[in-house]
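Per-entry structural report
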Amino acid sequence: MSSNIVLTVDVREGTGKGAARAARREDLVPGIVYGGKLDPVSVTLRGNEIRKALLGGHFLSNMIEIDHDGKRQTVIARDIQFHPVSDKAMHIDLYRVDENTKINVDVAVNFINEDACPALKRGGVLNIVRHDVELLCPAGSIPESVEADLTGLDIGDSLHISAIKLPKGVTPTITDRDFTVATLQGSRAVLTDAEEDEAVEAPEEPEAIRQKGDEE
């Protein structure tokens, strides 16, 4: 869905590192708009608009609009390069989309109903294999996250992607297997208690008594 973010863009005539550095000195962020039936276009975006959009938290997971001389186009941010020290946006790739364009996106996994998980009640540990999953989604309905239900899972159980309910029209990009998202494991304390119980229950072996022979 749209995040109501509108970014002003200008076509960037110069290319290369020199032109990019000049743009950044003016608080502009170099970028490229590509995809669809049109050719790629080098652009610059306003630094203050980019910072505001990033602070909103929806920049990478929703459709946004770019405005060039009053004409708007729907895009989605496919990649952002940040400065390693200042964390300022250095370059942005924008991909042209519409509501029904299918794109691959990484979506966060939220684990719910921990209080209804027998494994965790027994002191087990949730081992998260994937904090996010790559999904094929319509650009107009990218989910903020997906929910993984831990209800009823015990130590030794695994939670696979098939157990996660996905929105309509959304599918995993991995289709050749039912991949694991998380496992429930016993903690060291739980294993130690079990080992102690086995030791108590195990019968002691009788001590061997060596009888003296007649010659002795």
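Heads up: the structure comes first, above all this text.
Because the structure is a prediction, the values reported are computed rather than measured. (Residues numbered from 1 in each chain as written. Predicted model: local features only at pLDDT ≥ 70, side-chain atom pairs only at ≥ 80, totals over all residues. Heavy atoms only, no water.)

1. Quick look at the layout of surface pockets
The space that makes up the largest pocket amounts to roughly 260 Å³. In terms of lining residues, the largest pocket is bounded by 15 residues, among which D27, V29, R51, K88 and A89 are the most central. Breaking the lining of the largest pocket down by element, the ones donating at least two residues are α1 (17-25), β2 (28-34), α2 (47-56) and β6 (89-96). Looking at the lining of the largest pocket, the element that brings in the most residues is α2, giving 4 residues. Residue classes in the lining of the largest pocket are distributed as 6 nonpolar, 3 polar and 6 charged. Of the volumes computed, that of the second largest pocket is approximately 200 Å³. (1 Å grid on protein atoms, 1.4 Å probe; cavity = no way out; pocket = protein on both sides within 12 Å on 5 of 7 lines; lining within 4 Å. Points joined across faces, edges and corners; volume = space filled by probe spheres on them. Helix = DSSP H or I, 4+ residues; strand = E, 2+ residues; numbered from the N terminus. Nonpolar A, V, L, I, M, F, W, Y, C, P; charged D, E, K, R; others polar.)

2. Examining the sheet that holds strand β8 (residues 125-128)
Across the sheet, which stays open at both edges, the 3 strands sit in the order β8-β13-β11 with antiparallel pairing between neighbours. On the outer flanks of this sheet lie β8 and β11 (158-160), each paired with one strand and no other. The mean inter-strand angle of the sheet, taken between neighbouring strand axes irrespective of direction, is 20 degrees. Examined bridge by bridge, β8 and strand β13 (residues 180-185) share 4 bridges and lie antiparallel to one another. In the sheet register, V125 faces β13, and the bridge partner there is Q185. (Pairing = 2+ DSSP bridges. Axes fitted to C-alpha atoms, helices over the stretch in contact; angles between N-to-C directions.)

3. Some points on the packing of aromatic side chains
Aromatic ring pairs are defined here through the distance separating the ring centres and the angle between the ring planes. On inspection of all chains with the given rule, the structure shows 1 aromatic pair. Looking at R130, its charged tip hangs above the ring of F179, at a distance of 4.4 Å from the centre. (Phe/Tyr/Trp six-rings, centres within 6.5 Å; stacked < 30°, edge-to-face > 60°. Lys NZ or Arg CZ within 6 Å of the ring centre and 35° of its normal.)

4. Quick look at unusual backbone geometry
One non-glycine residue, D27, lies in the positive phi region at around 60 degrees. Here D27 is to be found in the loop between α1 and β2. Of note in this structure, N113 is not a glycine but carries a positive phi near 60 degrees. Relative to the assigned elements, N113 resides in the loop between β7 (102-112) and α3 (118-121).

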